[in-house]
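# Working through the structure, step by step
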Amino acid sequence: MSKKSLANLSAADVSGKRALVRVDFNVPMDDQGNITDDTRIRAALPTMKDLTQKGAKVILASHFGRPKGEVKDKLRLTPVAKRLSELLGQEVVKTDDCIGDDVAAKVAALQNGQVLLLENVRFYAEEEKNDPEFAKKLAANADFYVNDAFGTAHRAHASTEGVTKFLKPSVAGYLVEKELQYLQSAIEAPKRPLAAIIGGSKVSSKIGVIETLLEKCDKLIIGGGMIFTFYKARGLSVGKSLVEEDKLELAKALEAKAKERGVALLLPTDIVSADKFAPDANATTVSIENIPADGMGLDIGPDSVKVFQAALADCKTVIWNGPMGVFEFDKFAAGTEAIAHTLAEIGKTGTTTIIGGGDSVAAVEKVGLADQMSHISTGGGASLELLEGKVLPGIAALDEA
Ligand SMILES: Nc1ncnc2c1ncn2[C@@H]1O[C@H](COP(=O)(O)OP(=O)(O)O)[C@@H](O)[C@H]1O
Ligand SMILES: O=C(OP(=O)(O)O)[C@H](O)COP(=O)(O)O
């Protein structure tokens, strides 16, 4: 998919023009309205700065949370506007709505190089319905469109897809471009061997990505809660560990597919078993043949870490999505943290390391290794869908290069 990019637009193309820029400012926030992680805001800065430097009038649109078409004061973007002003080093005009007369008046008053942030687009149910009339109203305040909301690119909504019907050109921003460059080339033209590490809670949410990766990878490493479904399918006892009974046949089929394609599918050799699902649980490391009947596997064990490290040592590209265990509990975070350290190590030797969004990003950040990865995606669902080979509507709708 080769799409027109903001890099293709010169100052002469955009100066004095109104750019509708879709960003993903769906950032974590505490109850007091403090942003606890501004990565997504910072990730969109290159696009915003490029546009302001080229003299465009920048109109930012984002969703925040899932207000389901209702105005919810807790889901206003006001704290984001404040943080963005600090990061950009200039005042950001904030509107209380994303369409309507007041927005039109504030847009009309913008000077070249100024930035305005619209209110949460999901205060309108029409946003998620991709309603053409709503998209037209959003587009009415702008001359062209830039999509830099990678985290929302898998949603066909009015502000990600619908508006492209009314605004030309419609181009990709720098964050979207970078995400595509890393994630797409990792699966389409990787430096090999290519390994994927897939973790997280359930096999059901990762079936699509495992199936696609089995077509592309040389090695597939599986960790997290889903391993117990694989073990049970092999006839092992898994105690009280998480198992999806209706996915046992699927687990067998995935193992058979790996074998048939010559992909090394690696499962942990030992696990950390807990007596309850709690941070203060008693933990014991056991081989996978000896999981106690009343035990619950909450992490991979040290031997598994060694096996995985050995398998990753010669890889030239590694994609990681999903934690190896319940890393939110310190006692069960060692496996996930060891994988983060391993990726940082092999990254030093030139291996491309790509972290899919969601919990694996949180884990890498927790151990302070984020800056040692080649790429950390700002999209959880979006990166997963891209790796699954799905078309992302927000990208597909942009102009061809
Ligand atoms: N052995 C396990 N048993 C139960 N839950 C697990 C286990 N290993 C990991 N998890 C949980 O999986 C969750 C993440 O799953 P998921 O949402 O699929 O991953 P991601 O957000 O990376 O896509 C984490 O909250 C983690 O605690
Ligand atoms: O945070 C997001 O998704 P993610 O947690 O999968 O990365 C995006 O902002 C998309 O939000 P949505 O899943 O409510 O459409």
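What you see is a predicted model; the values in this text were computed from it and never measured.

### Comments concerning the pattern of salt bridges
Note that side chains of opposite charge can pair when their charged atoms are close. Summed over the entire model, instances satisfying the criterion amount to 29 salt bridges. In this structure, aspartate 50 engages lysine 54 in a salt bridge whose closest nitrogen and oxygen atoms are separated by 2.9 Å. One network of salt bridges, with partners in common, ties together Asp38, Arg42, Lys82, Arg83 and Glu86.

### Notes on the UniProt feature "binding site: ATP" (unreviewed entry) in the protein
In the UniProt entry, the feature "binding site: ATP" (unreviewed entry) is given for Lys206, Gly297, Glu328, Gly357, Gly358, Asp359 and Ser360. An extended arrangement is adopted by the annotated residues: their sequence extent is 155 residues, and the largest C-alpha distance between any two is 23.8 Å. One can find glycine 357 in the loop between strand S14 (352–355) and helix H14 (359–366). Those residues within four positions of glycine 357 in sequence are excluded, and the remaining contacts are Ser377, Gly379, Gly380 and Ser383.

### Section: the packing of aromatic side chains
Inspection of every chain in the model, using the stated rule, returns three aromatic pairs. Note on phenylalanine 228 and tyrosine 231: the rings are 5.8 Å apart at their centroids and 75° apart in plane angle, and the pair reads as edge-to-face. Separated by three residues within a single helix, phenylalanine 228 and tyrosine 231 lie in helix H10 (residues 227–233), roughly one turn from each other. Grouping residues by exposure puts phenylalanine 228 and tyrosine 231 together as buried. Between phenylalanine 277 and phenylalanine 329, the ring centres sit 5.1 Å apart and the planes meet at 65°, which makes this aromatic pair edge-to-face. Taken as a pair, phenylalanine 277 in the loop between strand S10 (270–274) and strand S11 (283–287) and phenylalanine 329 in the loop between strand S13 (317–321) and helix H13 (334–347) lie far apart in primary sequence, 52 residues in all.

### Comments concerning the UniProt feature "binding site: substrate" (unreviewed entry) in the protein
UniProt's feature table lists "binding site: substrate" (unreviewed entry) at Asp24, Phe25, Asn26, Arg40, His63, Phe64, Gly65, Arg66, Arg122 and Arg155, given in the numbering used throughout. Mapped onto the fold, asparagine 26 is located in the loop between strand S1 (18–22) and helix H2 (39–43). With respect to the helices, strands and loops of the structure, phenylalanine 64 is situated in the loop between strand S2 (57–61) and helix H4 (78–88).

### As for the site of ligand 1
Every one of the 16 residues lining ligand 1 counts as a neighbour, but Ser201, Gly225, Gly297, Glu328 and Asp359 are closest to it. For ligand 1, an oxygen atom lies 3.2 Å from a polar atom in the side chain of lysine 206. In isolation ligand 1 has 580 Å² of accessible area, and contact with the protein removes 80% of it. For the shell around ligand 1, the secondary structure elements donating two or more residues are strand S12 (296–300) and H14. In the shell around ligand 1, the residues fall into four nonpolar, nine polar and three charged.

### Notes on H4
Taken together, the buried positions of H4 are occupied by Val80, Ala81, Leu84, Ser85, Leu87 and Leu88. One side of H4 carries all its buried residues, which in axial view fall inside an arc of 165°.

What counts as what
- Residues numbered from 1 in each chain as written.
- Chains lettered and ligands numbered in written order.
- Predicted model: local features only at pLDDT ≥ 70, side-chain atom pairs only at ≥ 80, totals over all residues.
- Heavy atoms only, no water.
- Salt bridge = Lys/Arg side-chain N within 4 Å of Asp/Glu carboxyl O.
- UniProt positions renumbered as here; feature names shortened; annotations may be inferred.
- Helix = DSSP H or I, 4+ residues; strand = E, 2+ residues; numbered from the N terminus.
- Contact = heavy atoms within 4.5 Å.
- Phe/Tyr/Trp six-rings, centres within 6.5 Å; stacked < 30°, edge-to-face > 60°.
- Buried < 20%, exposed > 50% of the residue type's maximum accessible area, 1.4 Å probe, protein only.
- Near = heavy atom within 4 Å.
- Polar contact = N/O pair within 3.5 Å; in protein donor to acceptor, adjacent residues only side chain to side chain.
- Areas by Shrake-Rupley, 256 points an atom, 1.4 Å probe, with all protein chains shown as cover.
- Nonpolar A, V, L, I, M, F, W, Y, C, P; charged D, E, K, R; others polar.
- Arc of directions from axis to C-beta.

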